[in-house]
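A closer look at the structure
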Amino acid sequence: MACLFGYIGEPAPGLMKRMAALLGHRYARGWERAGMDIRDGLTIAIGHGMPAWAKENQVAAVPERRLAFGYTGVLFNPPVETDVAEHLMNHFRDAPEKMTDLEGAFAAALLRGEELTLIRDPSGIKVLYWARTPKRFVFASEIKALFADPDIPRTLRMGALPEYFTFSFIPGEGTMFEGIHELQPGTILTCRNGSVDRRRYFMFENAEWQETDRREEADYIRRVRTDLETSVAECCSVQPDPPAVFVSGGIDSSAVLALAARRYPDRRLRTFSVHFGPKYASENEFVSMMVDQYRTDHTWLTIRPDRFLKRLRDIIWTLDDPIGDPITVPNFLMAEAASAVTGVVLNGEGGDPCFGGPKNIPMMLSRIYGPLPDDPPEAWLEYHYLLSYRKCFADLSRLLSPEVLRESGGEPALTELIRPFLTAERPKHFLNKLMSINIRLKGANLILVKVDKMTSANGILALAPLFSKRIVETSMACPPGMKLRGNVEKGVLKQAVADVVPAPIVRRPKSGMMVPVRFWLQGEMRRYARRVLSRRNLRRVGFFDVEYVRKIFAYDRDDVQGSRHGLKLWMLITFMLWYEQMVEGKR
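The rules behind the values
Residues numbered from 1 in each chain as written. Predicted model: local features only at pLDDT ≥ 70, side-chain atom pairs only at ≥ 80, totals over all residues. Heavy atoms only, no water. Helix = DSSP H or I, 4+ residues; strand = E, 2+ residues; numbered from the N terminus. Rg over C-alpha atoms; globule rule 2.2 N^0.38 Å. Buried < 20%, exposed > 50% of the residue type's maximum accessible area, 1.4 Å probe, protein only. Contact = heavy atoms within 4.5 Å. Areas by Shrake-Rupley, 256 points an atom, 1.4 Å probe, with all protein chains shown as cover. Lys, Arg positive; Asp, Glu negative; His and termini not counted. Charge placed at Lys NZ, Arg CZ, Asp CG, Glu CD. Pairing = 2+ DSSP bridges. Axes fitted to C-alpha atoms, helices over the stretch in contact; angles between N-to-C directions. Parallel < 35°, antiparallel > 145°, perpendicular 65-115°, else oblique. Left-handed = near helix turned anticlockwise from the far one by under 90°. Nonpolar A, V, L, I, M, F, W, Y, C, P; charged D, E, K, R; others polar. Salt bridge = Lys/Arg side-chain N within 4 Å of Asp/Glu carboxyl O.

Broken down by element type, the chain carries 26 helices and 19 strands. Its C-alpha atoms give the chain a radius of gyration of 23 Å, near enough to 25 Å, the size a compact globule of 587 residues would have. Counting only C-alpha atoms and orienting by the principal axes, one finds that the chain spans roughly 70 × 60 × 50 Å. Buried residues in the chain amount to 62% of all 587 residues. The long-range fraction of contacts in the chain, counting pairs at least 24 apart against all pairs at least 6 apart in sequence, stands at 72%. As displayed, the chain has an accessible area near 22800 Å², and 48% of this comes from carbon and sulfur atoms. One way to put it: in the chain the 80 positive side-chain charges average out to a point 4 Å from where the 71 negative ones average out.

If you want it as structure tokens, here you go:
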């Protein structure tokens, strides 16, 4: 929950109120503002939406010194306990680059003279968007708030269409809109006289393990355990009462729950999990192991279409950029349930990208065996990475219209997104290169953004101990062979928590939460999908080959690339509902 928003530039009466109104679902106690007229024709305004769990006075200004500061989220290393914003504003006035020393889950803004500085936390747990017009520079925790400025158009970026249908999210700095950008994780931005400069300050690649490091394996295991305990302790310090924990039955959330529960030996933690009913595969057996071992007060949520279909448009509206991962709905409903008992939840996000989780093994094999006969000769490795998402990459030439493919750059533009990660000097080891992609793109543009928006819409602060700055650096400093041992993923993490997590959970392979959209869309959701994906609607937007979409809808297994019909339909439904609201303005 909570949000940050504001602008620097020509005065805009009413703009802050309009932005606050569009972000009203993210705060419970109103919003606070700091700002000033810097000189004739130049104004700064910073707003912060206040949730139940946040400290007050997270914005401050000293007009006579032309200083202003604001932040959203939580800081784990502020120098003082009270009046944090004012103290930090004074602390950074002579050296704004010191903002990179902050740790936590945050986005922050600092005005010094006529220069505005924005910063996003190292891993990207909190998100911030920005746009420029000839009149002003505008920023906000959600894209929709930027449209409160009438000079910012709702122009769809064509390159985003193949990105979304390949990844299920928009990777990197771009968004679905022309001219609107997402500040990337561990990045600091400066704006002065309309000129914008960005640089990464969190270079975790520099922590990569070196062949000359001859420490014992036990030293790495001990460091992972110690740093994870510290990260959990920081997250638990946000409020006096214990946080709730989202559990899935996997090693990541189980590790977080175990270490959190050990901090409160005399308290019963609240835990939450989801399943989809007795007809479908579930992780309930493994969730029960953790619930029983740590005696938590557990809530089981059964997710069925009749629980969310009438609200699906609203849930997607909170995403800003469309996210085609069906897990967004369970995320939203878990946060809604948790909001009745707590303001802070911990989750297990981060274990996969930071410790060599899924998708790495197929890519390691691709690199070993080399290109296949039909692979593009110059970009075969990038091609295999894009295919590994198993979304619509293989379908793009049939799903999207020729005009969209031509204007967007198609497949070559997608490979160019990935190439810099694979050819970078650091990290050197191929597994670490894959981790770098997953941390910087999938983590900060999908996983963390999705959780932040789904929980913020319900008044919850979600924190991910496995995605902390120290854990990212610690994992990068571990030998690659300790993270991926043959076909055993996240080996060093499993060893680090083996004494506090039941052995069956430690030993089990990654399974993931399989949302049964395939079955829903053949049954309970079929009529809904038929209405959203009608020929009339598809032709109205004009981006898709209508006949190919009908083949997906018919579950044609002969003429649809790569099957996964249900997931592709979900992505199409998500996009259509998003487009109606965010581009066409049909709220």
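Once that is clear, we can look at the sheet that holds strand β13 (residues 244-246). Either a parallel or an antiparallel arrangement is found when strands of a sheet pair, and the pairing is made through backbone hydrogen bonds. Spatially, five strands are ordered β15-β14-β13-β16-β17 in an open sheet, and the strand pairing comes out parallel. Each of the sheet's edge strands pairs with one partner strand only, and the pair in question is β15 (297-302) and β17 (461-463). Here the average twist between neighbouring strands, direction ignored, is 25 degrees. In the sheet, β13 pairs with strand β14 (residues 270-275) via two bridges, with the strands oriented parallel. Bridging from a neighbouring strand, phenylalanine 246 pairs with phenylalanine 272 of β14.

Packing of helix α5 (residues 217-236) against helix α6 (residues 251-261) brings their axes to within 10 Å, and their N-to-C directions diverge by 70 degrees. Put simply, α5 runs roughly perpendicular to α6. Crossing of α5 against α6: the hand is right-handed. Contact residues: α5 offers Arg225, Leu228, Glu229, Val232 and Cys236, while α6 offers Ala255, Leu259 and Ala260. Each residue belonging to the contact of α5 with α6 can be placed in one class, and the counts come to six nonpolar, no polar and two charged.

Counting across every chain of the model gives 40 salt bridges. Two residues, arginine 222 and aspartate 219, come together in a salt bridge whose shortest N-O distance is 2.5 Å. On the criterion of helical spacing, the pair formed by arginine 222 and aspartate 219 is a turn pair, its members being three residues apart in helix α5. Exposure remark for aspartate 219: the relative accessible area of 27% places this residue in the partly exposed category. The closest approach of N and O atoms between glutamate 580 and arginine 540, which form a salt bridge, is 3.8 Å. Taken together, the residues glutamate 580 in helix α26 (residues 565-582) and arginine 540 in helix α24 (residues 535-541) connect sequence positions 40 residues apart. Under the relative-accessibility criterion, glutamate 580 is labelled buried at 14%.

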